[in-house]
Every structure is written in C-alpha cells, then in structure tokens.
Amino acid sequence: MEITVSSNMTTTSRMTVEKKKLHFAVTKCTVDLISCKTNLPSSMLPKIVNKFLNSTLGKVLPGMMCPAADKVVGEMKKKMETLWVPLQIGARAIITYFVSGTPKITSDHARVCFETRITKPNGEEVEIPAEPPASDMESELGDKNSEVTFPVNILNAYMELCKADLDQDVTSDTAEAGAMLSGDVLKERVPEMELPEAHGEMKCKLRCESTPTWSLGEAVATLTISLNIHLVAGPQEDSMFVLTVDLKIAATFKVMNGELHPTLGDCSLENFREMTSAVGTFEPESLSGYLLDLLSVTIIPALKKALEDRIPLPSMMGSGYGDAALETHPNTLRAIVTSECDYSAPAITFKV
C-alpha cells in the first residue's frame, strides 16, 4: 500500500544580535496535515483506518520533517557568516562589518544598519569618527525589499586612508599644472598680485589641513577637503602667499559588483581664510578661478585615483546587491536590496 501525504510545514526562526552579529535559531516548527491518500479503493479502507492514519501522521510528521528546518536555518547561518568576513579595500586596509543597533523587522521587510572596523596593513585601527545624527525617515520599500544602511562615518574613516594621497608639490615639471606656475600666468589671472621681477622657479605646496569629510543630505553628497595652499619661489622657497580654503566636490554613489562607487561632480572653493601675502594686497577670492583650474589637474586626479580602491559592501547572506538602488539621506547611505525571506515580526518565518 502506498500513502501520499500533503502537508504544510511552518518554521519560525528568531533573529537575535549577539556581539554585534546576527544569529538565527529555530524556535517553533509546526506541520499541518492537509490530506492523506492511499492507492487502495476507499471501499477497502474503513473510515476508522483513515482516522488512525491521520492521527498517527499528525504526530509523526513533525519529527520527520522539522529536522529539515534545522538544516535550512543551518544553511542560512553559513550564508550569514559571509556578512562578517573581513574585506580588502585595495591594498589600503581591511574592513569588517558589524550590526549597529537592533534590526527592524516588519511584516514584509528587514531594515539593518551596519558599522565597521577598518584596520591598516600594519594592524593599526583607523579611528571611526563619531556618528552624526542620521535621518529617521525610512525609505519606501516595495514587495520583499530590505533596507541596508551605512552611516557617513564609514565614508569619513575611509577618507583617512586617502588623505596622504592628496598632499603634493606642484612644480614647473608637473604635467598639466606646471604651465600654470609662471609669473605671466599669475599676473594675467590675478592682476593685483605684485610678483617680483626675479622670483625664480615657483612651487605650489598643497596639503590637507585635516581628513576630508563627507556630508550627506537628501539626494545630495558633498566631499569637503580643507586645503593649505602655499606658493613659494626661488631656491630658498621664499613665500609668495599662503592661504587655507575648502574645496567642495559634489558626488553621487552607486553600487557595482558589490562595491561602493563614488562619482565626482562639480567643484567650488569656499571659506577662504588664514591668508598671508608677500606679493601685494588682493582679495583671496580673486584666486578662485586660478586655483580651481590648478586643483582640477592636481588634487582631483589624485582623489579619483585614490577612490579606485572601492569600499566593498557586506554580502547579504551570499546573495549580493545586484542593481540595488542607492539613496542618499542625511548622514546615511541606504541600499535597497531584494529579500529572500518572508518576514513576520518579531520573528522571521520560512514556509516550506
């Protein structure tokens, strides 16, 4: 005799956060018997036997089927471990992700925020800047989508790795920028500047005053680089002028191949300050056009080169991000990814 059984198995797995890592465990497993059929004619099987089969199977099936749920959750745990695997940021550092706070589980979605630890090749840990207040506005999520949030301080810690790449000395031998370090060009661009006749070869020293910082708003991302610009001349490097100014660079972000890709946009100079001049009196803002041209062929290419070492994003249970939508909100980046789970607060339920 053959028996064909149709049933529904529902398991409930509770998600917890331990040591800033997500953990799953099966808390409940139920099996509902839908039908039980045999290959014998109904006339040959008394109703009492049918009732016996239904009763027995209702007791036996959970023990037969629920271990499969443990295996499913076991596979989920293996995929979950990929979230915590240290990832390389080029040759600059290793980044490790952890859960920040408690994920929010709704009937259809999961919302998870990450924090990081970034370690240089020498083992030194990069200090993560204090996290500014993030937007409490939640993104609109479609069916079975989840939200993954990355605070802006991750980007700022990453810029600590890139800071040294931006410091440079520009001389007449520097490609593209060298031609701009001539007295004729400076006098043409800034007529108020009183350069000495025999000023000798000039050099422009560009230094980051501090770690460049990102500011994120609604659909807006701006990188601010505070630069000390010092123009010197002659073998003794006599000071011509020195000033500090903020270079503002608009940017957008997207996810490609599981990495965060910034694209740089328009630039501007703001907040001219701490200026001293040995070449006459002039408004520092009068240097804006000249300096923007100079920085566009010095700092900007160096920054683009540094940003080629992309920030890898944590693998979402091995599924990757695909063409995840990326949103910019106050002090946060949010990736909207497609979920594989059917969510039910306060636990996650998987139906087999």
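Keep in mind that what you see is a predicted model, and the values were worked out from it rather than measured.

### Describing the overall build of the protein
- The secondary structure content of the protein amounts to five helices and 18 strands.
- Counting the 352 residues in the protein, one finds 43% classified as buried.
- Look at the contacts in the protein between residues 6 or more apart in sequence, and 68% of them connect residues 24 or more apart.
- When the accessible surface of the protein is summed, it comes to about 18100 Å², and 51% of that surface belongs to carbon and sulfur atoms.

### Overview of helix 5 (residues 299-306)
- When we look at burial in helix 5, the residues that qualify are Ile299, Ile300, Ala302, Leu303 and Ala306. Looking straight down helix 5, one finds its buried side chains confined to an arc of 160 degrees; they lie on one side.

### Regarding unusual backbone geometry
- Of note, the phi angle at lysine 19 is positive, near 55 degrees, even though the residue is not glycine.
- For lysine 19, the location among the structural elements is in the loop between strand 1 (3-18) and strand 2 (21-38).
- Accessibility expressed as a relative area gives 80% for lysine 19, which makes it exposed.
- One non-glycine residue with positive phi stands out, namely asparagine 331, at about 65 degrees.
- By secondary structure assignment, the location of asparagine 331 is in the loop between strand 15 (325-329) and strand 16 (332-338).

### A short note on the environment of lysine 205
- Note on placement: lysine 205 falls in strand 9 (residues 202-208).
- A residue is classified by how much of its surface remains accessible, and lysine 205, at 22% relative accessible area, is partly exposed.
- Separated by 35 residues in the primary sequence, lysine 205 and valine 170 have C-alpha atoms spaced 6.3 Å apart.
- Leave out the neighbours within four places in its chain, and lysine 205 touches Gln168, Asp169, Asn228, Ile229, His230, Val232 and Glu237.
- A distance of 2.7 Å separates a polar atom in the side chain of lysine 205 from a polar atom in the side chain of glutamate 237.

### Focus on the side chain of aspartate 246
- Looking at the secondary structure, you find aspartate 246 in strand 12 (residues 238-256).
- Separated by 3.4 Å, the side chains of aspartate 246 and serine 226 make a polar contact.
- Within the structure, aspartate 246 has its side chain in polar contact with the side chain of asparagine 271 (distance 3.3 Å).
- Apart from residues no more than four positions distant in its own chain, aspartate 246 is found in contact with Thr224, Ile225, Ser226, Ser268, Leu269, Glu270, Asn271 and Arg273.

### Thoughts on the pattern of salt bridges
- Applying the stated criterion to the full structure yields 10 salt bridges.
- The salt bridge involving arginine 92 is made with aspartate 309; its shortest N-O contact spans 2.7 Å. Of this pair, arginine 92 sits in the loop between strand 3 (87-89) and strand 4 (93-99) while aspartate 309 sits in the loop between helix 5 and strand 14 (311-312); the two residues are 217 residues apart in sequence, bridging distant segments of the chain.
- On the accessibility criterion, arginine 92 (16% relative accessible area) is buried.
- Assessed through its relative accessible area of 22%, aspartate 309 is described here as partly exposed.

### Digging into the packing of helix 2 (residues 152-166) against helix 5
- Direction vectors running N to C along helix 2 and helix 5 enclose 135 degrees, while the axes themselves pass 9 Å from each other. As the angle between them shows, helix 2 and helix 5 are arranged oblique. Here helix 2 runs over helix 5; the crossing is right-handed. Across the interface between the two elements, Tyr158, Met159, Cys162, Asp165 and Leu166 from helix 2 touch Ile299, Ala302, Leu303 and Ala306 from helix 5.

### Things to note about the state of the cysteines
- Inspection of every chain in the model, using the stated rule, returns one disulfide.
- Two residues share a disulfide in this structure: cysteine 29 and cysteine 66, whose sulfurs sit 1.8 Å from each other. Handedness of the cysteine 29-cysteine 66 disulfide follows from its S-S torsion of about -85 degrees: it is left-handed. With cysteine 29 in strand 2 and cysteine 66 in helix 1 (residues 47-80), this residue pair connects regions lying 37 residues apart in the sequence.
- Among the residues examined, cysteine 66 registers a relative accessible area of 13% and is labelled buried.

### A few points about the packing of aromatic side chains
- If you walk through the whole model with that rule in mind, you get five aromatic pairs.
- Arranged with centres 5.9 Å apart and planes meeting at 80 degrees, the rings of tyrosine 97 and phenylalanine 114 form a pair that is edge-to-face. Taken together, the residues tyrosine 97 in strand 4 and phenylalanine 114 in strand 6 (residues 110-119) connect sequence positions 17 residues apart.
- The class of tyrosine 97 is buried, set by a relative accessible area of 1%.
- Looking at phenylalanine 114, the relative accessible area reads 1%, which means it is buried.
- Every member of this aromatic cluster is reached through a ring pair, and the members are Tyr97, Phe114 and Phe150.

### Some words on the pairing of strand 4
- With six of seven residues buried, strand 4 lies mostly within the body of the structure.
- Here strand 3 pairs with strand 4 via three bridges, running antiparallel. Within strand 4, the position partnered with isoleucine 89 by the bridge is alanine 93.
- If you look at the hairpin formed by strand 3 and strand 4, you'll find three residues sitting between the two strands, and glycine 90 has a positive phi there, around 55 degrees.

Conventions and cut-offs
- Residues numbered from 1 in each chain as written.
- Predicted model: local features only at pLDDT ≥ 70, side-chain atom pairs only at ≥ 80, totals over all residues.
- Heavy atoms only, no water.
- Helix = DSSP H or I, 4+ residues; strand = E, 2+ residues; numbered from the N terminus.
- Buried < 20%, exposed > 50% of the residue type's maximum accessible area, 1.4 Å probe, protein only.
- Contact = heavy atoms within 4.5 Å.
- Areas by Shrake-Rupley, 256 points an atom, 1.4 Å probe, with all protein chains shown as cover.
- Arc of directions from axis to C-beta.
- Polar contact = N/O pair within 3.5 Å; in protein donor to acceptor, adjacent residues only side chain to side chain.
- Salt bridge = Lys/Arg side-chain N within 4 Å of Asp/Glu carboxyl O.
- Axes fitted to C-alpha atoms, helices over the stretch in contact; angles between N-to-C directions.
- Parallel < 35°, antiparallel > 145°, perpendicular 65-115°, else oblique.
- Left-handed = near helix turned anticlockwise from the far one by under 90°.
- Disulfide = S-S within 2.5 Å.
- Phe/Tyr/Trp six-rings, centres within 6.5 Å; stacked < 30°, edge-to-face > 60°.
- Pairing = 2+ DSSP bridges.

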